[in-house]
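# Observations on the model geometry
Here are the chains, one letter per residue:
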Amino acid sequence: MINTTKIAKNNLKHNKSKSILIIITIILSTTLLSAVGMTCLDWNVANKENIRSYSGTHHGVYGSIDEKGIEEIKTHSEIDKVGVINGIGKKEYDDKLIIALSFADEVSTSLNNILLKEGNLPKAKNEIALDGFALDKLGYEKKLGQKIELEYEDYKSKEPIKSEFILSGILENKEASEIRKVYTGMVSYDYMVSTRDMSKENFNVFFTFKDIKGLQAYEIIEKVEKIGEDFGIKKNAIKANKDYLNTLSPDMEVITWGAVICAIIILSSILVIYNIFYLSIVTKVQEFGKLRAIGATKSQIKSIVLKEGMILSLIAIPVGVIVGYVINEFILKKIFFSFVDTSKLSIAIVIMLISVIAVFVSLLRPMSIASKVSVIDALRYSGSEDSNDKPRKGYENVGLKELSRANLKRNKKRTYVTLISLSLSGIIFVVASSALQSMDPEKFAKNHFPYDMNIRLDNYTFGDEESLNTELNMIQINTPLSEEFINEIKNMDGVDKIEISNYAKSEIKNHKTEYKYNDLSGVDEYDLDDLERYLIDGKIDLEKLKSGEEIIITYSDLAQEIGVSVGDKITLTLYDGNKKIDKEFKIQAIGDGPGTLGIHQEAFAKLFKNSTVSSVGIYADPNYYEELKTKITDIANSNEYLESNNIDEELEMAKFSIGTTNAMGYSLVIIIGIIGFMNLINSMISSIITRKKELGMLQAIGLTDKQLIKMLNMEAMFYTSTMMISSLTLGTGIGYIAVQMIRKMGASYASYEFPIFQILMMIVSIVVAQLVLIRLISKNFNKESLIDRVRYSE
């Protein structure tokens, strides 16, 4: 009886080089799959954790609710948890940093992810909890029980209040608090009651629903709005926590990119493993013929090949998963997701299954080929695919070049598979390099921030009917960005030129929209490319926009919501200071660019009496840059409604973001390249093994070791040169298309640049690797005596 398991094990022992190649290939592909899969999992969780840390875990919030309304909400049949927060006051510093005091019950602190580092939430009238940032700013140690003196401005009375508290708790610092420069202080219910008339007090009510299993984010949002309307709450006081609700579903963008990367890795691995087994089978035709002669069935032959692959998989796949886990846990996670703690067991099991399936798929064709070998085929086998149907073409003079060419033609399938695998690796490298090269940090920063520095309006409200004095249109009555101020900026030493941006508050008349107020932004020649890129309907005509009679809707969902199309007319209520102006506009075009509504920058002066300047972009002489940056920063810090930025800050963020992407991207393509290069190694080794006797005879009649190396280099050069040609042609073409697709997907800063440095590095690496590979193979080949090589027979 034929023992297929024993035969498979003996084959693997006998063909160690093949086994090692397959193990390395499977380990590399499984490592890459594991690292990518686990990193995608961490990435997904990190995004969700960041959003939840920033936005909390409540499903919605209802604003301006009195104590009676709170009780009604608590008794609603579909509402589960209910927490309340009420603002008390704020302490503001010259650098625009704010310590905001509020009362929050335990439920609301939980739903808003306000966590205690140590101590307790305030209960007694004189107790307070502060985050570490606030304690540092106030000049106190992080020590519970100490007295805290704090003077703040009360939100209700607008009067300064000085109080002494006992520190009962220290809150955890939030990165968002540091970015927004708003630090947290919490007081007790008793303290809040002592500072105001509770019968006139309104709260923000945070809540969750009882059962949302199976509901999509948009359904929960609709539920928040419907129940709010049932309570009679104004629409602008109803807010669903959209950011958090979107995290309840998988992040499809992360999943899509992870799936694409894994598909490329799997395809590369299947090609390599298939080629190795295919070449192994064609070199063992006589062996399979002998097995068939002694009674082996087709199923048993298939079983032998399958068991060879599965035995190697049992060794390689666990090792690959472990290595991938180590790379993810101790390198990638430490750098990018140190705060994430997720179980990787499920993803490890999935990766193992995918790897097993990939190996199985790669074995299907070799299994089929092996099972079809007959005794007659085995007797006729000569190591080539040449058919007897066609006369064989010879050469009048045979040299190294002719010998190399004959060997490549001898097994065309092996040659083609090796070429495809190598070319695929090269094409992927060039495409990825083109995409990564297009992400220039300076272009990225300049795309988002074209100036050297800017100064803009900030800290105003937009559509908050409870804070009318801080609304954008009211700030614009006495705007800090006045004409005099702009002229002052123009006349500063080192200012080459400035660019003005306009922004105003508007309302679409006679239409009920999700948001009552919409922004009206200025557009000009600089925005034309972006406007046309995201154009859905109509045609951009800047001259007609300058007239102030036509408008662009830059948010297509709004056009759909109010049921208008290009050529229709809409009436806007323009908020010009404390006045409202109704103005009819013709819709010129509809697109999906930044903002909601757009008119030409020059049209603002015709439509508004008050200044609508929202930002002043400054282009500076490089010799005056540092001096101007300091001046503009000081001016912004001196006014609570101004903020400034400069290109240095934007460039630093861009470098970090793109540097991280490049590191991960190039790591990926290099490993894919290594997997592809395994094919070249396997092809060259298989070529020598199948021709061992032939090469031995050639050396017996005078072929020198130097000539052997040269001949093998010619064969390898055919593979690598074909790879380079396909990479430079197909890779460059697909790379260009990829960059254009990236631009259309929103990365307008991306511009194609031929990755000359990366391609030169690829060429040098391939040539060096090829020379080293051939030297090692020939050295190993020559370890056997010439007599043994001549006597060698399959």
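Residues numbered from 1 in each chain as written. Predicted model: local features only at pLDDT ≥ 70, side-chain atom pairs only at ≥ 80, totals over all residues. Heavy atoms only, no water.

The first and last C-alpha atoms of helix α2 (residues 16-55) sit 57 Å apart over 40 residues, in line with the 58 Å expected at 1.5 Å per residue. Following α2 by one or two positions, G56 has its phi on the positive side, about 85°. (Helix = DSSP H or I, 4+ residues; strand = E, 2+ residues; numbered from the N terminus. Expected span 1.5 Å × (residues − 1).)

Okay, unusual backbone geometry next. Leaving glycine out, the prevailing phi sign among residues is negative, and the prevailing peptide bond configuration is trans. Here S64, not a glycine, exhibits a phi torsion of approximately 60°, which is positive. With respect to the secondary-structure elements, S64 resides in strand β1 (residues 60-65). In this structure, N459 takes a positive phi of about 65° despite not being glycine. Tracing the sequence through the fold places N459 in the loop between β11 (453-457) and α18 (472-475).

Here we take up a negative patch on the surface. On the surface, D66, E67, E71 and E72 cluster together into a patch of negative charge. For E67, a relative accessible area of 34% puts it in the partly exposed group. (Patch = residues over 30% accessible without salt bridge, like charges linked within 9 Å, V, L, I, M, F, W, Y side chains within 5 Å. Areas by Shrake-Rupley, 256 points an atom, 1.4 Å probe, with all protein chains shown as cover. Salt bridge = Lys/Arg side-chain N within 4 Å of Asp/Glu carboxyl O. Lys, Arg positive; Asp, Glu negative; His and termini not counted. Charge placed at Lys NZ, Arg CZ, Asp CG, Glu CD. Buried < 20%, exposed > 50% of the residue type's maximum accessible area, 1.4 Å probe, protein only.)

Sheet topology places strand β13 (residues 518-523) next to strand β18 (residues 597-600); four bridges connect them, and they run parallel. Looking at β18, one finds that G522 is bridged to I599. In terms of strand pairing, strand β15 (residues 550-553) meets β18 through two bridges, oriented antiparallel. Residue I553 lies in a different strand from β18, and its bridge partner there is L597. (Pairing = 2+ DSSP bridges.)

Positive charge collects at one region of the surface, where K298, K302, R365 and K372 lie side by side. Turning to its location among the elements, R365 is positioned in helix α13 (residues 345-371). Of the residues examined, R365 reaches a relative accessible area of 39% and is grouped as partly exposed.

Take the packing of helix α1 (residues 4-14) against α2 next. The interhelical angle for the contact between α1 and α2, taken along N-to-C directions, is 95°, at an axis separation of 5 Å. As far as their axial angle goes, α2 and α1 are roughly perpendicular. For the pair α1 and α2, the contacting residues are L12, K13 and H14 in the first and K16, K18 and S19 in the second. Residue composition of the contact of α1 with α2, grouped by class: one nonpolar, two polar and three charged. (Axes fitted to C-alpha atoms, helices over the stretch in contact; angles between N-to-C directions. Parallel < 35°, antiparallel > 145°, perpendicular 65-115°, else oblique. Contact = heavy atoms within 4.5 Å. Nonpolar A, V, L, I, M, F, W, Y, C, P; charged D, E, K, R; others polar.)

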